[in-house]
Amino acid sequence: MSPVLKNPLGAKWTAGRHGKAEGGPGVLASHTAGLTIVEVAALPGQAQAMRAALKAAFGMDLGAGSPAEGAENAVCTGPGQYLLTGHDVATVKAAVGDLALAVDQSSGRVRLTISGPAIAALLAKTCPLDLATWPVGAAHASHFLHIACTYFRRGDAEFDLYVGRSFAQSVGKWLLDASAEFGLEIA
Amino acid sequence: MLIFCPHCGMRPSEEFTPKGLAEAPRPALGGDDRPEDDAWQDYLHTRTNKAGQTNEYFHHSLGCRRWIVVHRNTLTHEVTGSTMASEFWQNQQQAQDWEAGQ
Amino acid sequence: MSARLPQPNRLDHGGIINRDRPVTFTFDRRVYQGFEGDSLASALLANGVKLFGRSFKYHRPRGILGAGPEEPNALVEVDRGPADRDPNHRATMLEIYEGLETFSQNHIGPLNMDLMEVNDLFSRFLPAGFYYKTFFFGGLQAWYRLYEPIIRRAAGLGRPPLAADPHHYDKIYTHADTLVVGGGIAGLTTALSLAKAGQSVVVCEERDRMGGSALWQGETFNGETGAAYIAHMCREIEAAGGRLLPRTTVFGVYDAGTFGAVERCHDHLTKADRAPHTARMKYHRIQAKAVVYATGAIERSVGFNGNDRPGVMLASAGHTFLGKYGVRVGERVSLFTTHDGGYGTAAAFSAAGAEVTVLDARTDAADVSIDGVRVIKGVYAGQAHGRMGVRRVDYDGASSGSLDADALLVAGGWNPAVHLTSHTTDRRQSKPVYDAELLAFVPPELVDQEAAAGSVTGAMSTADCLATAQAAGKKLGGKKIELPTVDQALPVSKPMEMWAVPGAGDAAFLDMQNDATVKDVKLAAQEGFKSVEHMKRYTTLGMATDQGKTANVTGLALLAAATGRDIAQVGTTTFRPPYTPIPIGVLAGHHRQRDYAPFRYSPVHAWAEDNGATFMEAGLWMRPAYYTAPGDKDWLDSAVRETRATRGSLGITDVSTLGKIDIQGPDAAEFLNRLYTNGWKTLPVGKARYGLMLREDGLVFDDGTTSRLGENHYYMTTTTAHAAAVMTHMEFMHQSAWPDLAVAFASVTDQWGALALAGPNARACLAKLFPEVDVSNDGLPFMGVIETQWQGYTARLFRISFSGELAYEVAVPADIFDAFWQAALQAGAEWKITPYGLEALNIMRIEKGHVTGAELDGRVSMDDVGLGKMVSSKKDFVGRAMSEREAFSDPDRAKMVGLVAAKPGDKIIGGGIVFDSAEGPFDYTTMLGYVTSVAQYSPLKDRAIALAFIKNAADWHGKTLYVVSHVHGKSIMEVRAESPHFYDPNNEKVMA
Ligand SMILES: [Zn+2]
């Protein structure tokens with residue numbers, strides 16, 4: 001029997017409706033438990049070669065490496081630096097070889113997906129960047145109320161948030177606070 | 001205040017942590033350096049504290065975590081650009097070599 | 001709905017208030033009624049209230065001067081209960097709502113009989129600089145005993161709230177192509193021009209609704225009323241994607257197009273009307289590519305005696321109360337003007353049935369005939385009489401006389417609200433400039449990303465304001481829009497220059513809030529304070545909460561006259577944020593109390609909470625300090641029990657918080673070699689090594705162990721305290737100094753949960769957890785590392801010890817760490833496995849003489865902590881050059897030593913100072929060093945022990961010393977010095 005994964009978001013993060021109860025929820029949130037996340041970081045001068053290796057192995061087209069050129073399963077967090085989802089660390093390491101570091105972050109990062117009609121108003125409270133300038137598919141390493149957070153725009157009103165596991169409980173609590181006025185539905 | 005990060009673009013200053021002036025590169029590896037050597041003194045202690053155009057280290061700590069050298073006017077606070085720290089000293093050296101070649 | 005109460009000064013028509021919605025409120029516990037849309041000022045004036053408060057210095061009775069944010073006098077307290085009151089609301093900006101309770105400020109006893117008014121009677125003794133001069137007499141003692149208590153009693157405006165602010169606030173990041181500051185007709189016109197061109201536009205308006213004076217002044221736009229014209233302009237802006245933010249004050253302009261604004265969301269609503277979970281106020285941090293200053297202009301008064309009497313009011317304020325609220329502030333109105341603008345107000349009052357006399361300072365003013373208005377030319381108001389409200393006005397000049405009056409309106413000219421144009425310097429260094437034609441400061445030449453629209457430019461007529469708005473739109477890339485035809489336009493003209501009337505003296509007020517007078521400015525000039533900045537500080541003119549919005553320009557004009565200079569030469573003081581006062585809570589936003597900063601939690605935090613842990617904060621982390629078991633008397637009891645159980649059998653502790661960094665690449669070993677003082681090239685795969693890092697200045701930075709997991713793969717641990725700093729340091733060195741090193745690294749602190757098993761039964765327990773793995777002394781020797789699996793997940797086994805016992809650290813992915821922790825507890829049950837917290841860990845590491853952050857405080861060298869041998873002389877590393885500084889080899893340097901209390905039960909005070917004599921003197925001349933860490937009870941020594949740094953440390957081993965704490969009543973504690981390695985100095989246990 002495999003061990004039970006521990007919810008990193010704390011006891012207050014419970015499925016159902018939170019905050020404003022009337023009307024439809026302004027914000028929907030879900031946490032993907034058990035997601036395989038691998039962090040890769042190219043060695044100096046090897047970023048382009050690493051992207052080529054990732055493309056060859058997994059078909060990810062990461063362009064020239066700008067944060068706007070990402071994919072849902074390859075979120076750019078810095079120059080030559082990505083969070084890959086869906087492939088385990090051994091597979092990724094085999095693909096990038098000596099071009100890059102590859103480490104398992106499946107437990108180290110928590111991915112929250114948030115969406116809903118009030119998403120822009122919510123993110124205006126947590127993130128200093130202008131959403132209007134992000135194309136779908138773009139990633140931005142920034143902060144969530146001053147907690148390091150990488151945002152990935154999945155769709156018009158749908159975002160993935162990647163935060164450090166030990167911060168997840170604070171992120172969860174603050175997300176509950178910030179979305180209370182809109183009504184939050186946790187899946 | 002906004003700071004330009006070569007990777008992330010224009011970002012608010014709250015995402016950055018300043019370190020101080022980038023006025024001299026770390027002395028090359030020697031092994032028998034003395035604390036009183038000029039290169040070490042310049043690297044560690046000598047700061048011109050200029051009123052005007054300066055180069056300063058900033059860490060994009062709530063962002064891509066790159067060290068960058070920000071070109072800022074201390075008289076006006078105007079940020080005119082930035083360079084990755086990993087390229088800054090090489091660029092300086094190239095500029096010097098180019099000057100010397102003239 | 002409550003019964004309608006009479007409002008004697010309310011006209012039966014006019015204004016943009018909602019007469020269908022009466023609103024009942026109190027002022028100084030008296031019940032009044034106004035209408036929805038009223039400010040507290042307009043509602044009280046409607047009820048005939050003239051007295052609103054007392055002035056700061058002289059406690060003079062004061063009424064209302066202005067009708068907007070500039071108001072200096074009518075500051076009131078809003079009381080929603082003892083934990084929820086705030087002082088210094090401007091009555092002119094406070095919107096009334098049902099049940100609002102307000103109080104006047106700055107008086108002892110009733111408002112109309114203030115005991116502090118005695119200050120006014122002695123006012124000739126309290127000129128500018130009085131405080132500076134007087135309190136030198138009698139020296140410091142007199143200051144403390146006499147003057148300061150009196151001043152403290154009298155100082156300050158209003159009462160602060162007595163408990164933490166119960167409201168919540170939000171910080172909002174707002175973005176726009178263009179920010180328009182001011183939603184008057186000019187700001188809206190520019191906003192419309194920009195929005196139509198496709199720009200994202202945000203308009204911030206300080207008042208409760210968009211439109212400014214156009215809403216009520218009576219001018220018409222293409223035949224429509226102002227209110228109707230504004231309403232459809234607002235609709236058009238919003239239809240084009242613009243955002244309109246009423247009740248939002250832009251309080252500051254910062255570098256690179258950053259603006260601070262506060263939106264007031266709740267203060268105008270009853271509790272029931274406030275949407276649940278919403279913030280009382282929002283702090284908008286606005287990032288905009290361009291800005292339009294459409295901030296309007298503020299009218300100024302003229303210095304004459306008694307110009308602060310209740311009932312003396314700016315003409316624009318009187319006009320606002322009449323036009324916007326339908327409140328007539330007087331029946332017999334004197335109107336003292338220096339320009340044509342006063343006649344518009346005079347006509348409005350006359351039409352409202354008041355008897356109006358215009359005192360026009362100009363002898364050459366054009367003849368104007370308005371029904372029922374008497375005009376006297378070439379005269380000025382010389383003196384206003386009436387302590388609690390104007391009764392009579394003396395005029396002088398070309399003719400003189402005295403008028404019965406219950407209101408005196410003053411039209412002294414306009415000061416464009418240029419404040420925001422001088423807040424920042426990143427794009428433009430120029431300050432507002434003086435326009436000698438207009439007799440006012442106007443914005444300096446603006447840069448490409450800025451424009452000004454409306455009366456802030458100095459434009460006076462509505463048509464001129466609209467033209468500047470069109471021009472502003474054009475400058476910033478807006479679309480040309482059809483400007484309306486303005487009919488029934490109000491008269492305007494440039495003012496005559498008159499800052500103070502002849503004979504204005506110490507009852508002619510400039511800064512009403514700080515009671516600075518015409519005479520004070522002259523005195524300042526006389527005493528040599530000729531710089532406007534010095535005059536400001538000497539007289540305190542402009543230094544009150546209103547920042548002298550109605551006073552500054554007049555003050556510096558008078559300073560110019562008194563020193564024989566031009567106003568342009570004198571210049572203006574620098575305006576700084578905030579434009580108007582803002583509550584500190586709104587700047588903190590969400591980040592207060594428990595939400596001040598995030599907490600970091602270990603994957604077994606919930607388990608620890610359920611099992612009696614008391615936590616302590618370690619940086620952002622919450623770590624168990626000790627676990628309370630049945631029978632434990634106090635924290636020390638718990639910690640000692642945990643220590644004994646660990647040393648005697650088996651302890652378990654959570655070390656997930658240690659910093660962990662994964663390092664990969666062909667140059668990884670070289671990178672470590674340069675970061676650490678010791679050598680790394682010889683470390684074999686499957687081994688760990690203790691390493692010490694220096695800062696570049698040669699002082700000790702951090703320590704930890706690094707393991708070699710593969711050919712080019714290392715795993716570093718750092719202290720919890722320095723984890724982030726070490727990561728940042730590594731990034732800095734790699735990127736700034738050695739960018740070509742083929743290495744990459746990532747923080748994996750959060751990826752791994754880690755526990756330590758310590759004690760004589762640690763190996764047996766580990767063997768139970770990992771039956772497949774050889775964990776014998778040969779299979780896993782001291783400093784050995786094994787990577788294996790636990791239930792299908794990677795597990796890393798490290799034979800390292802911080803406690804001094806035989807010990808192992810085991811790391812597994814954080815997701816399953818809770819499960820692994822439970823498994824370890826189960827496996828260890830037969831040896832009575834005992835969880836221990838930081839307190840027990842502290843006892844054990846002090847017994848062992850291990851250093852932590854308390855010792856590595858940024859002041860110690862390698863030698864100081866006994867690690868001087870950990871230097872490889874064959875290589876360069878960070879801090880190497882500077883570690884050879886002479887001072888580091890000074891024999892007098894304090895080095896680490898162990899201290900043992902003389903007898904059981906004695907305490908050693910952490911941070912205490914160490915001396916070699918119990919006789920004193922206990923000062924820096926005789927001190928040997930200081931205590932860094934204390935274990936209040938060491939089971940090993942059966943008493944308190946400590947680590948300390950003292951001079952000539954080794955020479956004191958075995959000798960008696962004394963620890964003195966100056967902050968604990970100079971207690972003198974006898975201790976004995978010895979080696980800091982109290983426990984198992986030969987490492988027999990950890991190697992066993
Ligand atoms: Zn960046």
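All values reported here derive from a predicted model rather than from experimental measurement.

## Brief notes about the sheet that holds strand 5 (residues 67–73) of chain B
Residue and element names in this part refer to chain B. Strand order in the open sheet made by the four strands is 3-4-5-6, with antiparallel pairing throughout. Both outer strands of the open sheet, strand 3 (17–21) and strand 6 (79–84), are each paired with one neighbouring strand and no more. Pairwise comparison of adjacent strand axes, ignoring direction, gives a mean angle of 30° for this sheet. The sheet contact formed by strand 4 (residues 53–59) and strand 5 spans seven bridges and is antiparallel. For Tyr57, the partnering residue across the bridge sits in strand 5 and is Val69. The strands touched by helix 2 (residues 85–101) within the sheet are strand 4, strand 5 and strand 6, with strand 6 carrying the most contacts at an inclination of about 95°.

## Brief notes about the interface of chain B and chain C
With 29 residues of chain B at the interface, the matching set in chain C holds 31 residues. Where chain B abuts chain C, roughly 2,600 Å² becomes buried across the two surfaces, and 54% of that area is made up of carbon and sulfur atoms. There are five salt bridges connecting chain B and chain C. As a salt-bridge pair, Glu696(C) and Arg26(B) come within 2.6 Å of each other at their nearest N and O atoms. Those elements that place two or more of their residues in the side of chain B that touches chain C are helix 1 (38–44), strand 4 and helix 2 of chain B.

## A look at the domain arrangement of chain A
Residue and element names in this part refer to chain A. Under the domain assignment used here, chain A contains domain 1 (3–33 + 107–186) and domain 2 (37–104). A C-alpha centroid distance of 24 Å is found between domain 1 and domain 2. Counting residues at the interface gives eleven residues for domain 1, matched by twelve residues for domain 2. Both faces combined, the contact of domain 1 with domain 2 buries some 1,000 Å², and carbon together with sulfur accounts for 62% of it. Taken together, the links from domain 1 to domain 2 amount to two salt bridges. Across the pair Glu39 and Arg109 runs a salt bridge, and its minimum N-O distance is 3.5 Å.

## Examining empty space enclosed by the protein
All names here are of chain C. In the structure shown here, the tally under the stated rule is eleven cavities of 30 Å³ or more. Estimated volume of the second largest cavity: approximately 130 Å³. Along its surface, the second largest cavity is lined by 13 residues, and Asn415, Pro416, His419, Val553 and Phe575 are the ones closest to its centre. Counting only elements with at least two residues in the lining of the second largest cavity, the list comes to strand 25 (414–416) and helix 12 (552–562). The element that contributes the greatest number of residues to the lining of the second largest cavity is helix 12, accounting for three residues. Looking at the lining of the second largest cavity, its residues break down into seven nonpolar, five polar and one charged.

The rules we used
Residues numbered from 1 in each chain as written. Chains lettered and ligands numbered in written order. Predicted model: local features only at pLDDT ≥ 70, side-chain atom pairs only at ≥ 80, totals over all residues. Heavy atoms only, no water. Pairing = 2+ DSSP bridges. Helix = DSSP H or I, 4+ residues; strand = E, 2+ residues; numbered from the N terminus. Axes fitted to C-alpha atoms, helices over the stretch in contact; angles between N-to-C directions. Contact = heavy atoms within 4.5 Å. Buried area = accessible area lost by both parts, 1.4 Å probe. Salt bridge = Lys/Arg side-chain N within 4 Å of Asp/Glu carboxyl O. Domains from an automatic or database assignment. 1 Å grid on protein atoms, 1.4 Å probe; cavity = no way out; pocket = protein on both sides within 12 Å on 5 of 7 lines; lining within 4 Å. Points joined across faces, edges and corners; volume = space filled by probe spheres on them. Nonpolar A, V, L, I, M, F, W, Y, C, P; charged D, E, K, R; others polar.

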